[in-house]
Amino acid sequence: MRPIFKLLDDELVHKIIDEAFGLLIDPGVRVHNDEALALLTEAGAEVDLASRIARIPESIVRDALQTAPSEFFLHNSDGEPVVHYGGDRIHFDPGSAAITVLDRKTHEQRDPKTEDFVAFVKLVEMLPQLDAQSTAMICKDVPEEIGDLYRLYLALNFMRKPIVTGAFGKDTWWTMKELLVTMAGGETELAIKPIAIFDVCPSPPLLWSDITCQNLIDCARSGIPAELVSMPLAGATAPVTLAGAVVQHTAECMSGVVIGQLSQVGAAIVWGGSPAAFDMREGTTPMGAVGTWMIDCAYAQVGKALNMPTHAYLGMSDAKIVDAQSGLESSGGTILAALAGINMISGAGMMDFESCQSFEKLVIDAEIIGMAKRLVVGIVARDEPIALTLMRSMGHEADYLVNPHTLKWFQEEFYIPTGVIDRSSYDAWKSRGGKSAFDRASDRVDQLLGSYQARPLSDDLRVELRRITTKAAQGFGMEELPPIPIE
Amino acid sequence: MVDDILAQITENLLKGETESVVTLTGQALTAGIEPLMIINQGLLPGMEIAGEKFSRGEFFLPHLLIAAKGMQEAMALLEPELSLRQETPEVLGTVVIGTVHGDIHEIGKSLVGTLLSVKGFQVHDLGVDVPGERFVEKVKETGADILGLSALLTTTMIGQREVIEALVEAGLRDRVKVLVGGAPVSQSWAEEIGADGYAEDATGAVQVAQDLLEGKS
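Residues numbered from 1 in each chain as written. Chains lettered and ligands numbered in written order. Predicted model: local features only at pLDDT ≥ 70, side-chain atom pairs only at ≥ 80, totals over all residues. Heavy atoms only, no water.

1. Things to note about the overall build of chain B
Then comes step 1: Scanning chain B from terminus to terminus reveals nine helices and five strands.
Then comes step 2: Ordered by position in the sequence, the α and β elements of chain B form the string α-α-α-α-β-α-β-α-β-α-β-α-β-α.
Then comes step 3: Against the globule reference of 17 Å for 217 residues, chain B gives a C-alpha radius of gyration of 18 Å, in line with a compact fold.
Then comes step 4: Across the 217 residues in chain B, those meeting the buried criterion constitute 47%.
Then comes step 5: For chain B, long-range pairs separated by at least 24 residues make up 69% of all intrachain contacts whose partners lie at least 6 apart in sequence. (Helix = DSSP H or I, 4+ residues; strand = E, 2+ residues; numbered from the N terminus. Rg over C-alpha atoms; globule rule 2.2 N^0.38 Å. Buried < 20%, exposed > 50% of the residue type's maximum accessible area, 1.4 Å probe, protein only. Contact = heavy atoms within 4.5 Å.)

What follows is the structure in structure tokens.
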């Protein structure tokens, strides 16, 4: 049996869904986007143009939930469907849009640059535990205005895995689409085999900004999947009760599904989020708080009850260095998310809330992910009888190490970590330099980056991607993009 | 009687009983207690205790914010009385604060505003998505000592620079200290755009504001 973690009983799930329907009528959703308001009006929602508030009747929401696909795939560069949104399948990608990187030498946070993100993309390629890339850092060596599309441009040059991304503007989304279409070999090709999904974030409580709403509409119309990232901050921008925060999340996601389906019936949309249990001492949004994990797992359960594919920002830490807090917080979130069966779990490598990406933390988190993936496979009999025949043949011998049965099963039954996790004797550990987990992780980063195999990308394609990106950069005063290391 | 009612104001402020604070403030006025006395011996001691308890970890943000709300609502009652008497309560300094144009993030800016008011600053909160000219107008109108600019997005932090440029254009830059904050904002960004101060969090911002007024930085 596949272990599944549930926090809500059926009655509570229904109550949450009912109250969310109620919220969409009163007070309704505030939508700062004319196109969305027009779509909502046309569909029969009561729209007040002055306040930009749309009151959406339950029937419209139910129709949208019906037409939104319950599953879809993201593809890798070989066209294989490697990420399967839907059901209880789990996949992992790094936390996205970090504004700093933990410097590998000084261990201080600093501005990310082109070479940092390129190395990071390569590292994600090399970590088998990670299923997708993300546009994980915002490079500061290009103008702010192209920060979103530049990350995608860099990633496309080095990635094989699909990517979770997002736009910061309405116009930059179109450049990002152009990059993806170029990569996929055409608009239809991209729609049939999407290689990217865009995060679109409503603002708590119950509000859609113009930009993010337009991104949602444009994704839906272009056949590019969109991931709703609703982020109630319990006790600050949402009710403090965990159930109350989930009600708000449900209503915000429902409104996103409606806008998406009204833009294009059948558009792929994910029930996702990045909520937090607000910290009442520091006024921060902790990703490592147990309350945060609980809101995430509960909203995923609601999403599943509505047949939606799911996503969550989990597996991050609020720690400022890669320490014990980082390990415990990332483990807790990752394991619960896996048990909750969340389709895309974003967060690996991320620390200092959602601010900083660390290469070392990423490889440590990959081990946590490896363990979590093993956990959800559960315990299965493997043999019939389970052990009776084997143990009778062995009698009282303890010699299982040389038994072929062990050789046959051990790699499936156990998750086998890399050297990042130390399981040697004290003396052996000492003789290997007595290194901390951080130092061992740093060694592994070096080793993985050293063995990265470049993605076979034609020169024509590289030139075209660069042309598109350079054109965008020139609009903001940058004539030439920073060089990218191509081996 | 006078001491009793002022003590009750303090007590109710600390308990988060906003309505009682307002009622008691009204009663104090009716009983002929001077508004400045209500502020200095009823409301401010409550805010001071709340601040101390917060620093000691006994109080959390909801305690502090609801106390500040009680103070604000009581002040709304007292202000007409004060202007009638042409009196002004002593303030540490005047602050104009808001989130820059294109950005609708509220919490960080509101927390800083509240903590500043707890410390004794007079705070004019302009809200979110505030156009540059609105900041300039308000600084001019209030003669503010400090202007706080919040931005939570890498794409909107550019707005902080624009407000500073607008202050220069209006000839006000030398008259007001500019404090910037928000998730993507850093010390180096603050220096790049010529802000006077930056803090990582709300409590840090209060410290920086105090230092700026005392000319320490």
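2. Topic: the domain arrangement of chain B
Residues and elements named next belong to chain B.
Then comes step 1: Along its sequence, chain B is carved into domain 1 (2-84) and domain 2 (93-213).
Then comes step 2: Contacts between domain 1 and domain 2 engage seven residues on the former and five residues on the latter.
Then comes step 3: Across the domain 1/domain 2 interface, buried area totals approximately 560 Å², and carbon plus sulfur atoms make up 84% of it.
Then comes step 4: Remark: the boundary between domain 1 and domain 2 carries zero salt bridges.
Then comes step 5: At the surface where domain 1 touches domain 2, the tally comes to zero residue pairs in polar contact (both at pLDDT 80 or more). (Domains from an automatic or database assignment. Buried area = accessible area lost by both parts, 1.4 Å probe. Salt bridge = Lys/Arg side-chain N within 4 Å of Asp/Glu carboxyl O. Polar contact = N/O pair within 3.5 Å; in protein donor to acceptor, adjacent residues only side chain to side chain.)

3. Quick look at the sheet that holds strand β9 (residues 133-134) of chain A
Residues and elements named next belong to chain A.
Then comes step 1: The sheet built from five strands is open, its strands ordered β9-β10-β11-β13-β15 with parallel pairing. Two strands bound the open sheet, and with one partner strand each, they are β9 and β15 (269-273).
Then comes step 2: Of the pairings in the sheet, the one linking β9 to strand β10 (residues 163-165) comprises two bridges and is parallel in character. By the bridge assignment for β10, Q133 is matched with I163. (Pairing = 2+ DSSP bridges.)

4. Description of the pairing of β15(A)
Then comes step 1: Of all five residues in β15(A), five are buried; the element is thus mostly enclosed.
Then comes step 2: Burial along β15(A) is two-sided: I269(A), W271(A) and G273(A) and V270(A) and G272(A), pointing in opposite directions, are all buried.

5. Focus on the sheet that holds strand β1 (residues 94-99) of chain B
Residues and elements named next belong to chain B.
Then comes step 1: Taken in spatial order, the five strands make up an open sheet running β2-β1-β3-β4-β5, and their pairing is parallel. Sheet topology places β2 (122-125) and β5 (197-198) at the edges, where each strand pairs with a single neighbour.
Then comes step 2: Of the pairings in the sheet, the one linking β1 to β2 comprises four bridges and is parallel in character. Within β2, the position partnered with V96 by the bridge is H124.
Then comes step 3: Packed onto the sheet, helix α5 (residues 107-119) meets β1, β2 and β3 (146-150) and runs at close to 165° relative to β1.
Then comes step 4: The strands that helix α9 (residues 202-213) touches are β3, β4 (177-181) and β5; relative to β4, the one it contacts most, it runs at about 165°. (Axes fitted to C-alpha atoms, helices over the stretch in contact; angles between N-to-C directions.)

6. A short note on unusual backbone geometry
Then comes step 1: Residue P27(A) is bonded to the preceding D26(A) through a cis peptide linkage, with omega at 15°.
Then comes step 2: Locating P27(A) in the fold gives a position in the loop between α1 (10-25) and β1 (29-31).
Then comes step 3: In the Ramachandran plot, D129(B) falls in the positive-phi region, its phi being about 50° despite a non-glycine side chain.
Then comes step 4: Here D129(B) is to be found in the loop between β2 and α6 (132-142).
Then comes step 5: Judged by its relative accessible area of 34%, D129(B) falls in the partly exposed class.

7. With respect to the interface of chain A and chain B
Then comes step 1: Taken together, the contacts link 16 residues of chain A with 15 residues of chain B.
Then comes step 2: Counting the surface lost from both chain A and chain B, the interface buries some 1,300 Å², and carbon and sulfur atoms represent 68% of this.
Then comes step 3: Among the residues chain A hides against chain B, the three largest losses belong to E144(A), M280(A) and R281(A). Together they make up 44% of the total.
Then comes step 4: In this assembly, chain A and chain B are joined by zero salt bridges.
Then comes step 5: Between chain A and chain B we count two residue pairs in polar contact (both at pLDDT 80 or more) in total.
Then comes step 6: Across the side of chain A that touches chain B, the residue classes tally to eight nonpolar, three polar and five charged. (Nonpolar A, V, L, I, M, F, W, Y, C, P; charged D, E, K, R; others polar.)

8. Examining the pattern of salt bridges
For side chains of opposite charge, pairing can occur when their charged atoms come near one another.
Residue and element names in this part refer to chain A.
Then comes step 1: By the definition in use, this model includes 35 salt bridges over all chains.
Then comes step 2: Note that K320 is salt-bridged to D352, the shortest N-O span being 4.0 Å. Taken together, the residues K320 in the loop between β17 (311-313) and α11 (324-339) and D352 in the loop between β19 (350-351) and β20 (356-357) connect sequence positions 32 residues apart.
Then comes step 3: The exposure class assigned to K320 is partly exposed, which follows from its relative accessible area of 45%.
Then comes step 4: On the basis of relative accessible area, D352 is assigned to the buried category, the value being 8%.
Then comes step 5: With a closest N to O distance of 2.9 Å, R467 and E464 form a salt bridge. Here the residue R467 and the residue E464 both occupy positions in helix α17 (residues 459-474), the gap between them amounting to three residues, near one helical turn.
Then comes step 6: According to the relative accessible area criterion, R467 is partly exposed, its value standing at 39%.
Then comes step 7: Residue classification places E464 among the partly exposed positions, given a relative accessible area of 27%.
Then comes step 8: What emerges from the salt-bridge pattern is a single network uniting R374, R382, E412 and E413.

9. Regarding the packing of aromatic side chains
Any pair of aromatic rings gets described here by the distance separating the centres and the angle formed by the planes.
Residue and element names in this part refer to chain A.
Then comes step 1: Per the stated rule, a full pass over the model turns up six aromatic pairs over all chains.
Then comes step 2: Pairing F120 with F359 gives two aromatic rings, centres 5.4 Å apart and planes at 75°, and the pair type is edge-to-face. Taken together, the residues span a long stretch of sequence, with F120 in helix α4 (residues 114-126) and F359 in helix α12 (residues 359-377) at a distance of 239 residues.
Then comes step 3: Looking at F120, the relative accessible area reads 1%, which means it is buried.
Then comes step 4: When its relative accessible area of 4% is taken as the criterion, F359 is described as buried.
Then comes step 5: With a centroid separation of 5.8 Å and 40° between ring planes, the pair formed by Y426 and W429 is classed as tilted. Pair noted here: Y426 and W429 are both in helix α15 (residues 426-431), with a separation of three residues, about one helical turn.
Then comes step 6: For Y426, a relative accessible area of 55% puts it in the exposed group. (Phe/Tyr/Trp six-rings, centres within 6.5 Å; stacked < 30°, edge-to-face > 60°.)

10. Structural notes on the side chain of K177(A)
Residue and element names in this part refer to chain A.
Then comes step 1: With respect to the secondary-structure elements, K177 resides in helix α6 (residues 170-184).
Then comes step 2: Within polar-contact distance, the side chain of K177 engages the side chain of E187 at 2.7 Å.
Then comes step 3: When near neighbours in sequence (up to four residues on either side) are disregarded, K177 contacts E187, S222 and I224.

11. Side note on a nonpolar patch on the surface
All names here are of chain A.
Then comes step 1: Taken together, the side chains of L7, V290 and M294 define a hydrophobic patch exposed on the protein surface, amounting to about 220 Å² of accessible area.
Then comes step 2: In this fold, V290 is placed in helix α10 (residues 290-305).
Then comes step 3: Judged by relative accessible area, V290 falls into the exposed class, the value being 52%. (Patch = residues over 30% accessible without salt bridge, like charges linked within 9 Å, V, L, I, M, F, W, Y side chains within 5 Å. Areas by Shrake-Rupley, 256 points an atom, 1.4 Å probe, with all protein chains shown as cover.)

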